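# Structural features, examined
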Amino acid sequence: MKVLVTGGLGFIGANFIRRVLAVRPSWAVVNLDALTYAGNRANAAGLPASRHRWLRGDIADVRAVDRAMKGCELVVHFAAETHVDRSILDASQFLKTNVIGTQVLLDAALRHKVRRFLHVSTDEVYGSVPKGFSKETDLLEPNSPYAASKAASDLLVRSYVATHRAPAIITRASNNYGPYQYPEKALPLMITNFLEDKPFPLYGDGRQVRDWLHVDDHARALLLVLEKGALGEVYNVGGSRTCENRELVRRVLRIMGKPASLVARVEDRKGHDRRYALDGAKLRRLGFRHVHDFESGLRATVAWYQANAAWWRPLKAAGGWRTYCARQYRGRR
Ligand code: NAD
Ligand code: TYD
């Protein structure tokens, strides 16, 4: 079986490829990735060349997509611009990649007659949910340009199912954590800053709630949906634990034995969603169970960044995220 994975040099795509190659010995992966600032060849280090081929290309480029999709029966689409804070500063690349890129892939999937197309999306498309849990049928009410671009891509997928009978499925996952996450996202930024005894900028009152999903559990869920999910359906992939940001910071400080003085309260993110929480009943009915609990998953994640400074130090030294943070969060409280 030949599978096209888009964005496989990023955080979740790379973890997914590792899982697929480990548990499906007869599968081979073509990895179409443009190697943006968030892509990293080191994320694919050690993968067997006979079963994993990286093609550098943009998902919005029809020719690159055609070349990559040739002979593939399955497509798992991760490639996206993913950082909310960047989308607040400039949304243009989010629309090009997340919306136009998805349209180019869907058209190619029809031309190449792929059997299944899995579109990897996010809980952020539902917007902030003050209470209760988002179901797959809930309204899409995105609040950040990132979430709006993902919601647009979800609707595009839905329209291709209705109009062209595209064999597509959508998953919407909550906040992922684990190895190989670019250190601009909250958790790897926090852990790597604490390892360097630098402060973590906690936005606003720190009472925003996120639903934490270990990336390895996400990869299991994606493989399950890819193989057993019903075409045209949407599946939520919730985490094993919801948690306020200020509690997350306290837990990480405790695990790492660091002082509370390393938390710097800064101005809140614009349009910051207060709470995400997913109803995962539909995926459970398909047979999904989490393997990682939050506390041990968090400990293992801290240990991974501790042991892999050679992976993250060059990314932080390149400095893109720092310049960016400095621009946005000049006004500290
Ligand atoms: P990431 O930012 O770590 O990686 C994105 C990858 O896509 C990078 O390798 C990058 O080089 C590649 N890419 C970007 N633009 C491209 C383009 N135009 N053409 C080809 N490749 C391109 O992202 P991630 O955190 O691994 O997220 C993967 C997917 O999962 C995204 O679609 C995201 O919306 C979704 N998701 C993420 C989370 C999370 O917590 N990280 C949660 C739910 C859903
Ligand atoms: P993030 O990892 O950017 O994911 P998302 O915004 O997609 O949920 O942020 C997770 C939470 O942490 C979110 O509520 C914003 C907050 N946060 C901070 O408090 N400080 C930071 O420096 C970052 C990057 C995020």
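Anyway, here's the lowdown on the structure attached to this text. (Residues numbered from 1 in each chain as written. Chains lettered and ligands numbered in written order. Predicted model: local features only at pLDDT ≥ 70, side-chain atom pairs only at ≥ 80, totals over all residues. Heavy atoms only, no water.)

### Comments concerning the packing of aromatic side chains
Applying the stated criterion across every chain yields a total of 10 aromatic pairs. The interplanar angle of 85 degrees and the centroid separation of 5.2 Å between the aromatic rings of Tyr37 and Tyr182 together place this pair among those described as edge-to-face. Pair noted here: Tyr37 is in the loop between strand E2 (28-33) and strand E3 (52-56) and Tyr182 is in the loop between strand E7 (176-177) and helix H6 (186-195), with a separation of 145 residues, a long-range link. Tyr182 sits in the buried class, given a relative accessible area of 11%. Measuring from centroid to centroid gives 6.2 Å for Tyr305 and Trp311, while their planes differ by 70 degrees, and the two rings are edge-to-face. For Tyr305, a relative accessible area of 1% puts it in the buried group. Note on Trp311: relative accessible area 10%, which makes it buried. One aromatic cluster in this structure is built from Tyr180, Trp304, Tyr305 and Trp311. (Phe/Tyr/Trp six-rings, centres within 6.5 Å; stacked < 30°, edge-to-face > 60°. Helix = DSSP H or I, 4+ residues; strand = E, 2+ residues; numbered from the N terminus. Buried < 20%, exposed > 50% of the residue type's maximum accessible area, 1.4 Å probe, protein only.)

### A word on the site of ligand 2
Residues in contact with ligand 2 amount to 18 residues; listed here are only the nearest, Glu124, Pro201, Arg210, Arg269 and His272. Between ligand 2 and Asn245, the relevant distance is 2.9 Å, taken from an oxygen atom to a side-chain nitrogen or oxygen of the residue. Arg269 places a side-chain nitrogen or oxygen 2.5 Å from an oxygen atom of ligand 2. For ligand 2, whose accessible area on its own is 500 Å², the fraction buried by protein is 96%. Taken together, the elements giving at least two residues each to the shell around ligand 2 come down to helix H3 (84-89), H6 and strand E8 (200-203). In terms of residue count, E8 provides more of the shell around ligand 2 than any other element does, four residues in total. Broken down by class, the residue content of the shell around ligand 2 amounts to seven nonpolar, five polar and six charged. In this structure, the shell around ligand 2 is formed jointly by two domains, domain 1 (2-176 + 213-237) and domain 2 (181-210 + 240-267 + 293-323), each of which donates at least three residues. (Near = heavy atom within 4 Å. Polar contact = N/O pair within 3.5 Å; in protein donor to acceptor, adjacent residues only side chain to side chain. Areas by Shrake-Rupley, 256 points an atom, 1.4 Å probe, with all protein chains shown as cover. Nonpolar A, V, L, I, M, F, W, Y, C, P; charged D, E, K, R; others polar. Domains from an automatic or database assignment.)

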